[in-house]
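Now for the letters of each chain:
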Amino acid sequence: MKDLPGVRGRLTSDRALNDLTWLRVGGPADALFQPADIADLQSFLRDLPLGIPVFPMGVGSNLIVRDGGLRAVVIRLGRGFNGIEAEGNRVTAGAAALDAHVARKAADAGIDLTFLRTIPGSIGGALRMNAGCYGSYTADVFVSARAVTRQGEVVTLSADDMNFRYRQTDLPEGAVLIDAVFEGPEGDPAELHARMEAQLKKRDETQPTKDRSAGSTFRNPAGFSSTGRADDVHDLKAWKVIDQAGLRGARRGGAQMSEKHSNFMINTGTATAADLEGLGEEVRKKVYDSSGITLEWEIMRVGEPLTE
Ligand SMILES: Cc1cc2nc3c(=O)[nH]c(=O)nc-3n(C[C@H](O)[C@H](O)[C@H](O)COP(=O)(O)OP(=O)(O)OC[C@H]3O[C@@H](n4cnc5c(N)ncnc54)[C@H](O)[C@@H]3O)c2cc1C
């Protein structure tokens, strides 16, 4: 790729993305940039021609990258962005830190961020998706976040700026989240660790945690409340309407709606992005035909399909 600014981190052209996503599918990015630190990220974004799109990526646990790849510079944060520090009842975490590590470090310090323990993403992805489970959302513990804008400026974002909703937020196009401050309730470290162990066990019992998936395929149908707060009710579960349409275990190529949890789509080993997305669209159509409910994708699909 031409016109790319010089960097201190790693910049790789035409980089395959399939090994960077949980579903293990997808074509290459025009370039992959792994910045060394904040200053490196800032100067890259400032000097990158505005016509070249950027796509910030976490650890790819909520992504289908299409088979033709991504005509953009993918920015993936790594070392240099994964620090975690606890002080009082607050935790500051880099956007590349894994949710599970943040939850564990917080618990060591007697801070309850336990809901993050079983979500396999990074803090950047948790912020962007307002990730949550067991009745808690990222929005509930959020204090502030910092991002580098497409122009290379560091900005601090408040909860109002983020505008958290159910599995959605507002983030300016091309902005890269770099870290965040969270505040959690106080708890006894041993009790918090025990709760996380119980949550992990529950996950393994009810979800295909050993398969290649991207978590819930569709959002639970809204229409009740969508503020993204813990008091939200999403009674109408996507897995139920998928079951009612007889689609548990449905297959297309190497893609399958999991037998264990019908809202989890899995790559059985040979799936392409087209198999996965095609199966999802087929499920949406059949659910609509049988119940009148329109399922919305929770998995983000990015990039281009393969052209013959
Ligand atoms: C087995 C399994 C279980 C799951 N369970 C849950 C669950 O209980 N609850 C839940 O909410 N989710 C769940 N997920 C989905 C997923 O883990 C979350 O959405 C997670 O927050 C995504 O984080 P990520 O780092 O993988 O982001 P990615 O998938 O890489 O990206 C997701 C989005 O975040 C954006 N993004 C990532 N990093 C940044 C950044 N630094 N700056 C700006 N934007 C960024 C990307 O552009 C993209 O739009 C599950 C997934 C799996 C595989």
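Below or above, wherever it landed, is the structure these notes cover. In this text, all values refer to a predicted model and were calculated from it rather than measured experimentally.

**Some words on the sheet that holds strand β1 (residues 10-16)**
For step 1, the next point in the chain: In spatial order, the strands read β1-β2-β5-β3; together these four strands make up an open sheet with mixed pairing. Both outer strands of the open sheet, β1 and β3 (54-57), are each paired with one neighbouring strand and no more. Ignoring strand direction, the axes of neighbouring strands in this sheet form an average angle of 30°.
For step 2, the next point in the chain: Sheet topology note: the β1/strand β2 (residues 28-34) ladder contains six bridges and is antiparallel. Within β2, the residue paired with L11 across the bridge is F33.
For step 3, the next point in the chain: Contacts from helix α1 (residues 38-47) reach β1, β2, β3 and β5 (70-76) within the one sheet, and its direction differs from that of β5 by about 155°.

**As for the site of the ligand**
For step 1, the next point in the chain: For the ligand, the set of nearby residues contains 33 residues, the closest of which are P56, S61, S122, G132 and R203.
For step 2, the next point in the chain: A distance of 3.3 Å is found between an oxygen atom of the ligand and a backbone nitrogen or oxygen belonging to G125.
For step 3, the next point in the chain: Contacts to the ligand include L177, whose backbone N or O atom sits 2.9 Å from a nitrogen atom.
For step 4, the next point in the chain: In the complex, 96% of the free accessible area of the ligand, which totals 980 Å², lies under the protein chains.
For step 5, the next point in the chain: Breaking the shell around the ligand down by element, the ones donating at least two residues are β3, α3 (123-129), β8 (132-133), β12 (176-183) and β13 (212-216).
For step 6, the next point in the chain: Broken down by element, the residue count for the shell around the ligand peaks at five residues, all from α3.

**What to know about the side chain of N263**
For step 1, the next point in the chain: Secondary-structure assignment places N263 in the loop between β15 (255-257) and β16 (264-267).
For step 2, the next point in the chain: Discounting chain neighbours no more than four positions away, the residues touching N263 are G215, S216, T217, F218, A238, W239, I242 and M257.

**Some points on the layout of surface pockets**
For step 1, the next point in the chain: Of the pockets and cavities examined, the second largest pocket occupies roughly 170 Å³.
For step 2, the next point in the chain: Every residue along the wall of the second largest pocket is listed here: G9, R10, Q34, P35, A36, R76, L77, G78 and R79.
For step 3, the next point in the chain: Its residues placed into classes, the lining of the second largest pocket shows three nonpolar, three polar and three charged.

**So, helix α8 (residues 273-291)**
For step 1, the next point in the chain: Here α8 spans 27 Å end to end across 19 residues, near enough to the 27 Å set by a 1.5 Å rise per residue.
For step 2, the next point in the chain: Those residues of α8 lying buried are A273, D275, L276, E277, G278, L279, G280, V283 and V287.
For step 3, the next point in the chain: Where α8 is buried, its residues touch β4 (63-65), α7 (238-244), β14 (251-252), β15, β16 and β17 (300-302).
For step 4, the next point in the chain: The positive-phi residue at the C-terminal boundary of α8 is G292, with phi of around 80°.

**Details of the nonpolar core**
For step 1, the next point in the chain: One finds V91, V102, L113, L116, I123, L127 and F182 to be the most contacted residues of the largest nonpolar core, which totals 33 residues.
For step 2, the next point in the chain: Among the elements of the structure, β7 (90-94), α2 (99-108), α3, α4 (138-141), β10 (142-148), β12 and α6 (189-206) are those that each provide at least two residues to this core.
For step 3, the next point in the chain: Here this core takes four residues from α2, the largest share from any one element.
For step 4, the next point in the chain: Among all residues touching I123, those that are not within four sequence positions of it are A93, G94, A95, A97, D99, V102, L116, A180 and F182.
For step 5, the next point in the chain: Of all hydrophobic cores here, the second largest spans 23 residues; its members include L23, I64, V241 and L276.

Cut-offs used in this document
- Counting of residues starts from 1 at the beginning of each chain's written sequence and follows it residue by residue.
- This being a predicted model, a pLDDT of at least 70 is required before a residue's local features are given, and a value of 80 or more before pairs of side-chain atoms are given or counted; all residues contribute to the totals for chains, interfaces and linings.
- Based on all heavy atoms of the structure, the side-chain values leave hydrogens and waters out of the count.
- Think of it this way: DSSP has to see at least two bridges between two strands before they count as a pair.
- What counts as a helix is a DSSP run of H or I of at least four residues, what counts as a strand is a run of E of at least two, and both are numbered from the N terminus.
- Between N-to-C directions, angles span 0 to 180 degrees; the directions come from axes that are lines fitted to C-alpha atoms, helices contributing only their stretch in contact.
- The contact criterion used throughout is that any non-hydrogen atoms of two residues lie within 4.5 Å.
- Definition of nearness: a residue and a molecule or strand are near each other if at least one heavy atom of the residue lies within 4 Å of the molecule or strand.
- Polar contacts, as used here, are pairs of N or O atoms within 3.5 Å; protein pairs need one atom able to donate a hydrogen and one able to accept it. Residues neighboring in sequence count only if both atoms are side-chain atoms.
- Here the Shrake-Rupley method, with its probe set to 1.4 Å, supplies the accessible areas, and only the displayed protein chains count as covering residues.
- Only protein atoms enter the 1 Å grid used here, on which a cavity is any set of points holding a 1.4 Å probe that cannot leave and a pocket is any open set flanked by protein within 12 Å on both sides along at least five of seven lines; residues with an atom within 4 Å of a point are listed as lining.
- Grid points are joined across faces, edges and corners, and a volume is the space filled by probe spheres set on the points.
- Think of it as three bins: nonpolar holds Ala, Val, Leu, Ile, Met, Phe, Trp, Tyr, Cys and Pro, charged holds Asp, Glu, Lys and Arg, and polar takes everything else, Gly as well.
- For a helix, the expected span equals 1.5 Å multiplied by the residue count minus one.
- Exposed residues in this analysis have more than 50% of their type's maximum accessible area, buried residues have under 20%, and partly exposed residues fall in between, with area computed by a 1.4 Å probe over protein chains only.
- Buried Ala, Val, Leu, Ile, Met, Phe, Trp, Tyr and Cys residues form a nonpolar core when they are joined through side-chain atoms within 4.5 Å.

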